[in-house]
Amino acid sequence: MNILKQTALNLFENSLAKQGLVLAIRTWYPATFYEVDFHFPFMDMSKWKSVQHIKIKVATGVYRDYTPAGWDVETRTCTLYIDAIQEGPGSEWVQSLKEGDYVTYVGVGSTVHKPADHGKMIALGDMTTIGHYLALQQLSGENSLSGAIAIAEENHRIEFSQYFHWDITPVEQTDQGGFHGITKWVQNEDLENATVYVAGHIPTCVHLRKQLKKTSAETVRVQGFWS
Ligand SMILES: Cc1cc2nc3c(=O)[nH]c(=O)nc-3n(C[C@H](O)[C@H](O)[C@H](O)COP(=O)(O)OP(=O)(O)OC[C@H]3O[C@@H](n4cnc5c(N)ncnc54)[C@H](O)[C@@H]3O)c2cc1C
């Protein structure tokens, strides 16, 4: 990185960066998916009305977005659910984390996903969206989500069913973003008056939106994550 870029980055980080502390890490088997509990003392979570994302520093000059879930307004703690199946700075970062580490983030922002005010809410995505939909469920209170999340590893599908007590089905992921598994699940669903949330792999989101536009779903809300 040249000196100008480094100076600009330092200025940017010095003005915006805040820190969080890693409290605990749970690793799924195989170890390509992580749940990380954080304390973010400077994060005011009390006004969150839609699902949020945090821009975290994962290497020098490199930031990745992750979704805070299971937050507690009083203690300012939350959990990030991070897929690390790919090779990239984000996945290397999460695999290197230890309890007691400090992390740097440069901001929290809203996504387009918030609870629907009527009708069923159906959530579709890949493993990167687990935290995102746990957050949507937390915001939705008693109005529970249903839906499908595409998961490649059989043991991860088992862990998903054991850990989360919600009406979201882990379906087998046979392609990059889970399009086929999710489409198969959707075919058996009544989408009348439903708000359908789509997130995750961007090309899959685009294809799913096209398919869903042909159904009786009332609204389709897409939030792309990665491509
Ligand atoms: C609003 C928002 C919220 C997000 N929330 C989360 C979250 O809570 N949890 C989470 O895990 N991710 C989340 N993501 C996605 C995450 O930021 C990206 O997947 C991230 O780019 C991965 O970073 P990386 O450095 O490991 O890989 P990159 O350097 O970005 O990518 C390296 C290569 O791996 C591929 N790739 C990237 N991600 C995956 C994947 N999951 N599976 C297979 N191939 C992949 C890319 O196509 C690329 O070829 C979110 C993204 C956004 C925009």
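Predicted, not measured: the structure shown is a model, and the values here were computed from it. (Residues numbered from 1 in each chain as written. Predicted model: local features only at pLDDT ≥ 70, side-chain atom pairs only at ≥ 80, totals over all residues. Heavy atoms only, no water.)

**Q** Before we move on, can you summarise the pairing of strand β1 (residues 18-27) with the specific residues and values?
**A** Alignment of β1 against strand β7 (residues 102-110), held across four bridges, turns out to be antiparallel. Bridge assignment links K18 to a residue of β7, and that residue is Y105. Note that β1 and strand β2 (residues 33-39) share six bridges and pair antiparallel. By the bridge assignment, R26 is partnered in β2 with E35. Between β1 and the antiparallel strand that follows it, β2, lie five residues. (Pairing = 2+ DSSP bridges. Helix = DSSP H or I, 4+ residues; strand = E, 2+ residues; numbered from the N terminus.)

**Q** Describe in detail the site of the ligand, supporting the description with residues and values.
**A** Every one of the 20 residues lining the ligand counts as a neighbour, but R64, D65, Q86, G90 and S227 are closest to it. A distance of 2.8 Å separates a nitrogen atom of the ligand from a polar atom in the side chain of T67. The separation between an oxygen atom of the ligand and a polar main-chain atom of P89 is 3.2 Å. In isolation the ligand has 940 Å² of accessible area, and contact with the protein removes 80% of it. Looking at the shell around the ligand, the elements with two or more residues in it are β4 (62-66), β6 (77-83), α2 (89-96) and β12 (219-226). Class assignment for the residues of the shell around the ligand results in seven nonpolar, nine polar and four charged. Inspection of the shell around the ligand shows a minimum of three residues originating in each of domain 1 (3-110) and domain 2 (121-226). (Near = heavy atom within 4 Å. Polar contact = N/O pair within 3.5 Å; in protein donor to acceptor, adjacent residues only side chain to side chain. Areas by Shrake-Rupley, 256 points an atom, 1.4 Å probe, with all protein chains shown as cover. Nonpolar A, V, L, I, M, F, W, Y, C, P; charged D, E, K, R; others polar. Domains from an automatic or database assignment.)

**Q** How would you sum up the sheet that holds strand β9 (residues 146-151)? Please name residues and give values.
**A** Reading across from one edge, β10-β9-β8-β11-β12 is the order of the five strands in this open sheet, with parallel pairing throughout. If you trace the sheet from one side to the other, it starts and ends with β10 (167-172) and β12, each paired once. For this sheet the average axis-to-axis angle between neighbouring strands, irrespective of direction, equals 15°. Pairing analysis gives six bridges linking β9 to β10, with the strands arranged parallel. Bridge pairing links S146 to D167 in β10. Lying over the sheet, helix α3 (residues 130-140) contacts β8 (121-125), β9, β11 (195-201) and β12, oriented at roughly 150° with respect to β11. Its contacts with the sheet put helix α4 (residues 154-163) on β9 and β10, and the angle it makes with β10 is roughly 175°. (Axes fitted to C-alpha atoms, helices over the stretch in contact; angles between N-to-C directions. Contact = heavy atoms within 4.5 Å.)

**Q** Go over the environment of L212 with me, naming the residues and quoting the values.
**A** Looking at the element boundaries, L212 is found in helix α6 (residues 202-213). The class for L212 is buried, based on a relative accessible area of 3%. Along the primary structure L212 and T75 are separated by 137 residues, whereas in three dimensions their C-alpha atoms are 40 Å apart. Once residues within four sequence positions are removed from consideration, L212 is found in contact with L124, V186, L191, V196, V198, A217 and V220. (Buried < 20%, exposed > 50% of the residue type's maximum accessible area, 1.4 Å probe, protein only.)

**Q** For the pairing of β9, give the residues involved together with the corresponding values.
**A** Residues in a regular strand project their side chains so that they alternate between the two faces of the sheet. By the criterion of burial, β9 is predominantly enclosed, with six of the six residues buried. With burial as the criterion, each face of β9 is covered, one bearing S146, A148 and A150 and the other bearing G147, I149 and I151. Taken together, the four bridges between β8 and β9 define a ladder with parallel strand orientation. Bridge pairing links L124 to A148 in β9. With α3 bridging β8 and its parallel neighbour β9, the resulting β-α-β unit is right-handed. A crossover links β9 with its parallel partner β10, the connecting element being α4, and its sense is right-handed. (Right-handed = clockwise from strand over helix to strand, strands pointing away.)

**Q** For the sheet that holds β2, give the residues involved together with the corresponding values.
**A** The seven strands lie next to each other as β4-β3-β7-β1-β2-β6-β5, forming an open sheet whose pairing is antiparallel. The sheet is open, and its two borders are formed by β4 and β5 (68-72), each paired with just one other strand. Strand-to-strand twist across the sheet, computed as the mean angle between neighbouring axes with direction ignored, equals 35°. Bridge analysis of strand β3 (residues 52-59) against β4 gives five bridges, and the strand direction is antiparallel. Within β4, the residue paired with K55 across the bridge is D65.

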